[in-house]
Amino acid sequence: MANTARDTRVIATYNIKGGVGKTSAAVNLAYLAAAAGHQTLLWDLDPQAASTYLFRVRPKVKGGGRGLLRKRDSAGDHIKATDHERLELLPADFSYRHLDLALDQFKRPAARLRKVLAPLRADYDYIFLDCPPSISLVSEAVFEAADALLVPVIPATLSSRAYEQLEELARAGKVGRRNGTATLAFFSMADVSRPLHLQVMERLRGIEQLTVLGVAIPTADEVELMGEERNPVTVFAPQSAASVAYKALWAEVERRLHPDLQAAGA
Amino acid sequence: MSARGELFTFGDAAAQVRTALPPSYGLTHATGGRIDLRDERQKLVCRIELRALPGGSQWLTLVPLRGYDRDCERIRHWLEAGGLRPAWQWKQARVPMAADEPANVAAARVLERLLEIQQANLPGVLVGEEPEYLHDLRVANRRARTVVRQMRVALDPAAAGRLSDELRWLAAQTTSTRDLEVLLETLDASAAQLAPLRLLLERRLERARAEMTAMLRSSRRTQLEQTLESLLDVAARASGAVVPPVAVLAATRIRRQHRRMVRSGAAIGPTTEAQAYHDLRKQGKELRYLLELFGTALFDTQAVSELIATLKQLQDVLGCHQDCAVHAATLRTLAPELAASPGGAEALLAAGALLAGLEAQQAAARERFQAAFSGFASPRARGLVARICD
Ligand SMILES: Nc1ncnc2c1ncn2[C@@H]1O[C@H](COP(=O)(O)OP(=O)(O)OP(=O)(O)O)[C@@H](O)[C@H]1O
Ligand SMILES: [Mg+2]
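Residues numbered from 1 in each chain as written. Chains lettered and ligands numbered in written order. Predicted model: local features only at pLDDT ≥ 70, side-chain atom pairs only at ≥ 80, totals over all residues. Heavy atoms only, no water.

## Some remarks on the interface of chain B and chain A
It is common to give the size of an interface as the accessible area lost on bringing the parts into contact. Selection rule: Only heavy atoms enter the contact rule, under which two residues are in contact if any of them lie within 4.5 Å. Summed over both partners, buried area is the accessible surface (1.4 Å probe) that two parts give up on being assembled. For this analysis, a salt bridge means a side-chain nitrogen from Lys or Arg found within 4 Å of a carboxyl oxygen belonging to Asp or Glu. N or O atoms within 3.5 Å of each other form a polar contact, as long as, within protein, one can give a hydrogen and the other can take it, and as long as residues adjacent in sequence are counted only when both atoms are side-chain atoms. Ten residues, namely Ala, Val, Leu, Ile, Met, Phe, Trp, Tyr, Cys and Pro, are considered nonpolar, four, namely Asp, Glu, Lys and Arg, are considered charged, and the remaining ones, Gly among them, are considered polar.
In this assembly, twelve residues from chain B lie in contact with 15 residues from chain A. Summing both sides of the interface, chain B and chain A together bury roughly 1,200 Å²; the carbon and sulfur share of this comes to 34%. Counting the surface chain B buries against chain A, the share from its top three residues, Arg41, Lys43 and Arg66 of chain B, is 56%. Our count for the chain B to chain A interface comes out at four salt bridges. For Asp83 of chain A, the salt bridge goes to Arg38 of chain B, with nearest N and O atoms at 2.6 Å. Across the chain B-chain A interface, the total number found is 14 residue pairs in polar contact (both at pLDDT 80 or more). Of the residues belonging to the side of chain B that touches chain A, the class tally is three nonpolar, two polar and seven charged.

This is the structure in structure tokens:
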């Protein structure tokens, strides 16, 4: 395929809350995208470097986050191959904890990530951004760079505060500085045998401004085991419920991002 | 890079890789003769493509994963330290020698190595898929003949003569195949008008290769290894007379060969027959081999490599001249057959243009000859020869 013909989609796994399954989703979905034949990049923006660790890559970017942002077409120099065909990683670095400050040096901080990603669009069909749990200049920049925000939501305890934030997020997506930034929520670590979970899920699906995907990722040991296996679930437990769920989730996300393709395929 | 690979071994490549790497590294065999290498974090950093070749050698090519070039270089370093040899050593005919050892002994050692290289390339030539084998075989063969001729006085004359004959016979079986392969390589593959010519050449090549293969499978060839070995044994037993030390003989030969070339080259003018250029080139090859096989080991290395560089400039011009002549001659013999083939008229025109191009190239080579030759015959080059030989 000619590079210029690529119709790249940037997908950020995002939630202001920590430990909700952002990294697990980013790693598994990116793997599935690549396995399906797409050139895929995952940028680990979290100084904790969880997805970098899961792909066995050293969490080190020469020159740090600042250096990476400064030179507009240098991101490619830091990319590492993962052990999986077509899947590459832009690793995290401890200096990312000051990414806000680094962004703030630019005239339009929120536009910076998009600019840094621009030259990479020629090489990838999908670019995943695994975000740290915070609301900051970094997340603003992520919103502006992404075509879709993928928001894992644990249906267990939805504090009213988090609920408001979700609504806000949904509105931001709708109004969005850039046209068509989709906010797609999905249930993570869901347990449909628990009434509370079902209740919360129902309530959230009722919010008009919020798109909640149909597929939920169940709580599963295999997802936890990723830390030991240091591989996407599908690699070491392809038949597991978690693997099946991630596959279904990816199919749904891809459909949302490429409605045209689906029409053509039908 | 060699078409065979970057590193080679005659041993068990996978086992050697295993022992060459730190124990913390992981090594897994993937399909298609590939080895995956994982570092101490169990991260895949490099793949090794493995090829077993006829002749018993195994060849390795390191393929770094993106972002892991430096890791891959470290691995290459370990592998070389662990006994896997870099591809260039494959062609490395140089052997150690002492200045004062008898010339026949040193020459025999060089010849032994050259015959080994020649022998190792034979199976690959028979497979016929990569031109590199044939090229390497022919170079080793030519070098061996040079050693026999130049070191003649130190060798048993009868055995040396037969050794040369056998070597020449082997080379002769391969000449047309090689010439056609080179000509085909120089043809522009994308030019549609050349397609009929290409086809014709490919068919000729096929025929030449079939003939060559038959000869290389003949009993004369299968006995050749033994024949050469025993001849070498006898030849190296010395000529009976007092054998000079290798440094003395090599210096004499280098000086004489240089002088001979200066004389032949001076006689060449713009209208001289192509044959004279060709003869000078052959002399140049002999000088080059003397310098490479004996000069580097025995004399002022700096002076030797400078002289080789000067010589190489001359040889490039002569090589261009000669290649054009050979290709043009082949094209001319093809003309009638080409004209009769489908699309022949156009192909003939294209071949004509090609021929004109070759002639122009040859003329250009003649124009460059004086400059290249005067460098080689210059006082500075003479000074180098003196530094080497005195
Ligand atoms: N579906 C699941 N079933 C069981 N455990 C899960 C599931 N999803 C995530 N986990 C576990 O929960 C923890 C947090 O998951 P993950 O790292 O994916 O979340 P995160 O939102 O990226 O966290 P952070 O905010 O720290 O970056 C991990 O230990 C992970 O193994
Ligand atoms: Mg995370």
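Back to the write-up after that little detour.
## Structural notes on a negative patch on the surface
Residues and elements named next belong to chain B. Formally: Patches here are clusters of residues that have more than 30% relative accessible area and form no salt bridge, with a 9 Å joining cutoff for like charges and a 5 Å cutoff for nonpolar side chains (Val, Leu, Ile, Met, Phe, Trp, Tyr). Values of accessible area rely on a 1.4 Å probe in the Shrake-Rupley scheme; residue burial ignores everything except the protein chains shown. Positive charges come from Lys and Arg, negative ones from Asp and Glu, while His and the chain ends are left out of the count. Where a charge sits is defined by one atom per residue type, namely NZ (Lys), CZ (Arg), CG (Asp) or CD (Glu). What counts as a helix is a DSSP run of H or I of at least four residues, what counts as a strand is a run of E of at least two, and both are numbered from the N terminus. Accessible area is worked out with a 1.4 Å probe on protein chains only. A residue is then buried under 20% of its type maximum, exposed over 50%, and partly exposed in between.
Together, Glu112, Glu225, Glu229 and Asp233 make up a negatively charged patch on the protein surface. Sort the elements by how many residues they give to the negative patch and helix H8 (residues 224-235) lands first, with three residues. On the accessibility criterion, Glu112 (52% relative accessible area) is exposed.

## With respect to the site of ligand 1
Residue and element names in this part refer to chain A. The cut-off we apply is this: Near residues are defined by distance, with any heavy atom within 4 Å of the molecule or strand qualifying the residue.
In the region of ligand 1, 16 residues are neighbours, and Lys22, Thr23, Ser24, Pro218 and Ala220 sit closest. Taking Asp46, its side chain carries an N or O atom lying 3.5 Å from an oxygen atom of ligand 1. Coverage of ligand 1 by the protein amounts to 77% of the 630 Å² it exposes when considered alone. Where the shell around ligand 1 is concerned, the elements lending two or more residues are helix H1 (22-35), strand E9 (217-218) and helix H9 (221-229). It is H1 that provides the largest number of residues to the shell around ligand 1, a total of three residues. Of the residues contributing to the shell around ligand 1, the split by class is seven nonpolar, six polar and three charged.

## Quick word on empty space enclosed by the protein
Residue and element names in this part refer to chain B. This is how the line gets drawn: The definitions used throughout rest on a 1 Å grid laid over the protein atoms alone, on which a cavity is an enclosed set of points accommodating a 1.4 Å probe that cannot get out and a pocket is an open set flanked by protein within 12 Å on both sides along at least five of seven lines; lining residues are those having an atom within 4 Å of a point. Grid points are joined across faces, edges and corners, and a volume is the space filled by probe spheres set on the points.
Here the structure, examined in full by the defined rule, presents two cavities of 30 Å³ or more. Looking at the largest cavity, the residues that line it are Gly124, Val125, Gly128, Glu130, Pro131, Leu134, Glu181, Arg209 and Met212. Among the elements of the structure, helix H3 (103-127), helix H4 (131-150) and helix H6 (195-216) are those that each provide at least two residues to the lining of the largest cavity. Residue composition of the lining of the largest cavity, grouped by class: four nonpolar, two polar and three charged. Arg4, Leu53, Pro54, Gly55, Ser57, Trp90, Ala120 and Tyr133 together form the lining of the second largest cavity. Each residue belonging to the lining of the second largest cavity can be placed in one class, and the counts come to five nonpolar, two polar and one charged.

## Concerning the domain arrangement of chain B
Defined as follows: Domain segmentation is taken from an automatic or database assignment of domains.
When the domains of chain B are assigned, the result is domain 1 (7-90), domain 2 (93-244) and domain 3 (246-390). Taking only C-alpha atoms into account, the centre of domain 1 of chain B sits 40 Å from that of domain 3 of chain B.

## Some thoughts on unusual backbone geometry
Residue and element names in this part refer to chain A. The phi dihedral of Ala49 is positive, around 60°, even though this residue is not glycine. Mapped onto the fold, Ala49 is located in the loop between strand E2 (40-44) and helix H2 (50-54). The backbone phi angle of Arg230 is positive, close to 50°, even though this residue is not glycine. As for its placement among the helices and strands, Arg230 is situated in the loop between H9 and helix H10 (233-236).

## Points about the layout of surface pockets
Rolled over the atoms, a probe sized like a water molecule indicates the empty space that remains. Residue and element names in this part refer to chain B. A volume near 1,400 Å³ is recorded for the largest pocket. Forming the boundary of the largest pocket are 38 residues, of which Arg138, Arg142, Arg281, Lys285 and Tyr289 lie nearest the centre. Those elements that provide at least two residues to the lining of the largest pocket are H4, helix H5 (157-186), helix H10 (274-298) and helix H11 (301-340). Per-class residue counts for the lining of the largest pocket are eight nonpolar, nine polar and 21 charged.

## Focus: the sheet that holds strand E4 (residues 44-53) of chain B
All names here are of chain B. Stated precisely, the cut-off is as follows: Any two strands are treated as partners once DSSP identifies two or more bridges connecting them.
The antiparallel open sheet is built from six strands, whose spatial order is E2-E3-E4-E5-E1-E6. Of all strands in the sheet, those bounded by a partner on one side alone are strand E2 (26-30) and strand E6 (85-86). As defined by bridge partners, E2 adjoins strand E3 (residues 34-38) across five bridges and the pair is classed as antiparallel. The residue bridging His29 from the neighbouring strand is Ile35, located in E3.

## Describing the pattern of salt bridges
Residue and element names in this part refer to chain B. Per the stated rule, a full pass over the model turns up 33 salt bridges over all chains. Between Glu292 and Arg143 there is a salt bridge whose closest N-O contact spans 2.7 Å. In this pair, Glu292 sits in helix H10 while Arg143 sits in helix H4, placing the two residues 149 residues apart along the sequence. We note a salt bridge from Arg209 to Glu181, for which the minimum N-O separation is 2.6 Å. Within this pair, whereas Arg209 is found in helix H6, its partner Glu181 is found in helix H5, the two being separated by 28 residues in sequence. Exposure remark for Glu181: the relative accessible area of 9% places this residue in the buried category. Through salt bridges with shared partners, a single ionic network connects Arg4, Lys91, Glu132 and Asp136.

## Considering the packing of H11 of chain B against helix H12 (residues 344-377) of chain B
All names here are of chain B. Quick reminder of the rule: Helix axes use the C-alpha atoms of the stretch in contact, all axes being lines fitted to C-alpha atoms, and the angles between their N-to-C directions lie in the range 0 to 180 degrees. Relative orientations are named as follows: roughly parallel for angles under 35 degrees, roughly antiparallel for angles over 145 degrees, roughly perpendicular for angles from 65 to 115 degrees, and oblique for any other angle. By definition, any crossing whose near helix is turned counterclockwise from its far helix by less than a right angle is left-handed, and any crossing with a clockwise turn is right-handed.
Where H11 meets H12, the axes come as close as 8 Å, and the angle between the chain directions of the two elements is 160°. By the angle class used here, H11 and H12 are roughly antiparallel. You can see that H11 and H12 cross each other, and the crossing is left-handed. For the contact of H11 with H12, the per-class residue count stands at 23 nonpolar, eight polar and four charged.

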